[in-house]
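The primary structure of each chain is shown beneath.
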Amino acid sequence: MRLTLNLKTGLLAVAVIAASFFISLKAMDWLSPRGAGPAPKVAQLPPLPPVSKSSIVLAPVAIALSAIREAADKSAARNFAGKADNPISQILQNADIGWSASRGAISATGDKDVLTLATPLTGKLNVTGSLSSKATGALGEALGSVLGNNAAKQIGAVNIKNLNANAEIKGNVVITSRPKIAAAWHLEPNLAAQVNLGDTNVNVAGAKVNVPAQVKPLIDKTVGDQLNAVSERIRNDPTLRENANAQWVKACRSIPLQGAGASSALPPLWLELKPVRAIAAQPHVDAKAVTLLLGIEAETRVTSTQTKPSCPFPDKISIVPPTGTGVAIAVPIDVPFTEINKLVQAQMVGRTYPEDGSGPVDVTVKSATVTPSGDRLLISLLVRAKEKKSFLGLGAEATVHIWGRPMLDQAQQTLRLADIQLAVESEAAFGLLGAAARTVVPQLQQALVQKATLDLKPIAANAREKIAAAIADYQKSEDGLRVEARIDSLRLADIAFDSKTLRVIAEAGGTLNVFVTKLSGL
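What counts, and at which threshold
- Residues numbered from 1 in each chain as written.
- Predicted model: local features only at pLDDT ≥ 70, side-chain atom pairs only at ≥ 80, totals over all residues.
- Heavy atoms only, no water.
- Salt bridge = Lys/Arg side-chain N within 4 Å of Asp/Glu carboxyl O.
- Helix = DSSP H or I, 4+ residues; strand = E, 2+ residues; numbered from the N terminus.
- Buried < 20%, exposed > 50% of the residue type's maximum accessible area, 1.4 Å probe, protein only.
- Contact = heavy atoms within 4.5 Å.
- Pairing = 2+ DSSP bridges.
- Disulfide = S-S within 2.5 Å.
- Core = buried A, V, L, I, M, F, W, Y, C linked by side-chain atoms within 4.5 Å.
- Expected span 1.5 Å × (residues − 1).
- Arc of directions from axis to C-beta.

**Q** Tell me about the pattern of salt bridges, and name the residues and values.
**A** Counting across every chain of the model gives 16 salt bridges. In this structure, the salt-bridge partner of Asp473 is Arg253, at a minimum N-O distance of 3.4 Å. Here Asp473, found in the loop between helix H11 (457–472) and strand E23 (476–478), pairs with Arg253, found in strand E12 (residues 253–258); they are 220 residues apart in sequence, far enough to count as distant. Here Glu272 and Arg301 are joined by a salt bridge, their closest N and O atoms 2.9 Å apart. Here Arg301 lies in strand E14 (residues 289–303) and Glu272 lies in strand E13 (residues 269–285), a separation of 29 residues in the sequence. The exposure class assigned to Glu272 is buried, which follows from its relative accessible area of 7%. Here the salt bridges do not stand alone but share partners, grouping Asp73, Arg78 and Arg103 into one network.

Next up, the structure:
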């Protein structure tokens with residue numbers, strides 16, 4: 001009985017001692033000092049300045065030569081007529097020299113920035129009148145010398161004074177235009193005309209009257225008067241300014257990028273478009289069309305609330321050299337570092353390294369913070385190292401500091417860390433964690449490279465979708481006019497940060513084309 005009691009007492013004593021030992025170990029584990037150590041010095045950064053990026057929308061407006069030809073054919077006069085002066089007054093009196101001409105269909109060609117319109121001319125020159133007294137006397141004297149005075153008097157009594165002669169008019173009119181855009185919102189057509197007539201003559205009482213010499217100055221004047229009227233009408237036409245003003249007002253607005261709906265989980269972001277300059281390149285003329293480059297330069301910025309920008313319409317157009325066309329909208333997106341901390345924590349906290357458990361020490365990340373400094377980021381990881389060689393499983397906690405440089409991955413649309421290295425201030429932490437914990441550092445660094453990435457795809461997709469919807473507002477297809485507009489891409493262009501905010505610059509790219517196939521008139 002005594003032996004049994006002693007055995008139970010001994011086992012109980014062993015259990016108490018063992019429990020006390022393990023409790024003591026755990027107490028030592030819990031109460032062991034954490035490796036706070038000296039933290040790396042962090043350079044305070046000045047706040048990021050308010051930013052508005054420059055964006056350009058430049059559209060080629062292609063006016064088909066067929067549209068210009070049809071408009072010219074409808075508006076140009078088809079028939080011409082007039083009176084010429086008497087070039088042989090010494091022979092012909094009471095003269096009536098009239099001409100009439102009709103044009104044919106107008107053709108349009110273009111080359112080397114010159115637009116050419118041509119049309120054939122056909123008509124008739126008609127000369128009526130009577131011989132002058134001098135011409136009649138000269139004729140009587142000539143007859144008297146041959147036939148005698150009596151015969152001359154008898155013939156003179158015959159009425160031979162009335163004359164009527166006709167001749168054909170044939171040729172063409174060629175009109176050239178070297179169109180230019182003037183800074184004061186109007187087109188300068190720079191029209192010039194050349195009238196070409198075939199060399200024909202009409203015989204009037206033995207005198208030759210040259211048809212081009214009589215008719216060409218009159219046709220030149222008629223065509224010149226019409227060209228001056230057309231030039232003045234084009235020069236004073238307010239259509240260019242009115243259409244540009246309407247598109248200017250349409251572009252001046254805020255576009256919701258994300259979080260505009262009541263049910264959205266994303267913070268609200270708006271893209272403010274503020275046109276500041278109207279730009280144009282001089283027209284280009286080729287075999288198919290007259291193409292004008294027209295567009296706007298706008299300031300763009302991202303705001304957290306909808307704004308109403310003030311966009312006064314400019315009095316002048318800025319004439320620029322011909323450049324590439326399309327849509328290039330820069331979008332600055334600000335992300336607070338509190339959001340980046342959440343991302344890093346979600347990727348790192350609770351993970352144990354080595355992940356396959358093969359090392360002598362398990363290092364578990366308990367917290368993670370990101371602090372900007374200069375052109376780098378300081379990632380501070382509170383880790384717990386637990387040794388696995390002994391059955392005791394002793395552990396310690398310390399803060400490990402790792403430097404990394406933020407880099408844009410344009411292909412993956414992410415922000416990742418590069419140039420990762422251990423801060424020298426972390427040496428004190430490894431004194432507490434033990435040398436074995438140091439072997440896990442490369443895996444921590446690799447984990448930061450792989451895991452600590454900011455996925456910008458949702459923001460980029462939202463921005464692209466909303467900007468594409470805004471640009472699509474310009475699309476239209478109606479009689480004589482077609483506008484094609486689309487956003488093809490959105491790429492990440494640049495980053496910047498201060499002590500609180502990371503700024504990502506995204507650029508949306510696309511095309512905007514205008515095709516005119518019918519004009520109301522010239």
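**Q** So what's going on with the side chain of Glu297? Which residues, and what values?
**A** In this structure, Glu297 sits in strand E14. If near-sequence neighbours (up to four positions away) are discounted, Glu297 is found in contact with Ser54, Ser55, Ile56, Lys274, Pro275, Val276 and Arg277.

**Q** Give a detailed account of the pairing of strand E16 (residues 326–336), specifying residues and quantitative values.
**A** Of all the 11 residues making up E16, 8 are buried; the element is thus mostly covered by neighbouring parts of the structure. As defined by bridge partners, strand E1 (residues 53–64) adjoins E16 across 3 bridges and the pair is classed as antiparallel. Across the sheet, Leu58 pairs through a bridge with Gly326, a residue of E16. Relative to strand E25 (residues 501–516), E16 is paired through 10 bridges, and the arrangement is antiparallel. Bridge pairing in E25 places Val335 opposite Leu502.

**Q** Could you give an account of the state of the cysteines, with specific residues and numbers?
**A** Applying the stated criterion to the full structure yields 1 disulfide. Each sulfur in the disulfide pair Cys252 and Cys311 lies 2.0 Å from the other. Of note, the bridge from Cys252 to Cys311 carries an S-S torsion of about 75° and is right-handed in sense. With Cys252 in the loop between helix H6 (239–251) and E12 and Cys311 in the loop between E14 and strand E15 (318–319), this residue pair connects regions lying 59 residues apart in the sequence. Taken as a pair, Cys252 and Cys311 share a single burial class, namely buried.

**Q** Describe in detail the nonpolar core, supporting the description with residues and values.
**A** Among soluble globular proteins, nonpolar side chains are generally buried collectively. Core analysis: the biggest nonpolar cluster contains 101 residues, and Leu125, Ile329, Val331 and Ile467 have the highest contact counts within it. Per-element tally for this core: the top contributor is E25, with 7 residues. Filtering out sequence-adjacent residues up to four positions away, Val331 remains in contact with Leu257, Leu271, Val302, Ile467, Val504, Ile505 and Ala506.

**Q** Describe H11, listing the residues and the values that go with them.
**A** Along its 16 residues, H11 runs 22 Å from first to last C-alpha, staying within 8% of the 22 Å computed at 1.5 Å per residue. Residues Ala460, Asn462, Ala463, Ile467, Ala470 and Ile471 constitute the buried set of H11. Down the axis of H11, the sector holding all buried residues measures 160°, keeping them to one side. Close packing links the buried residues of H11 with E12, E13, E16, strand E24 (481–497) and E25.

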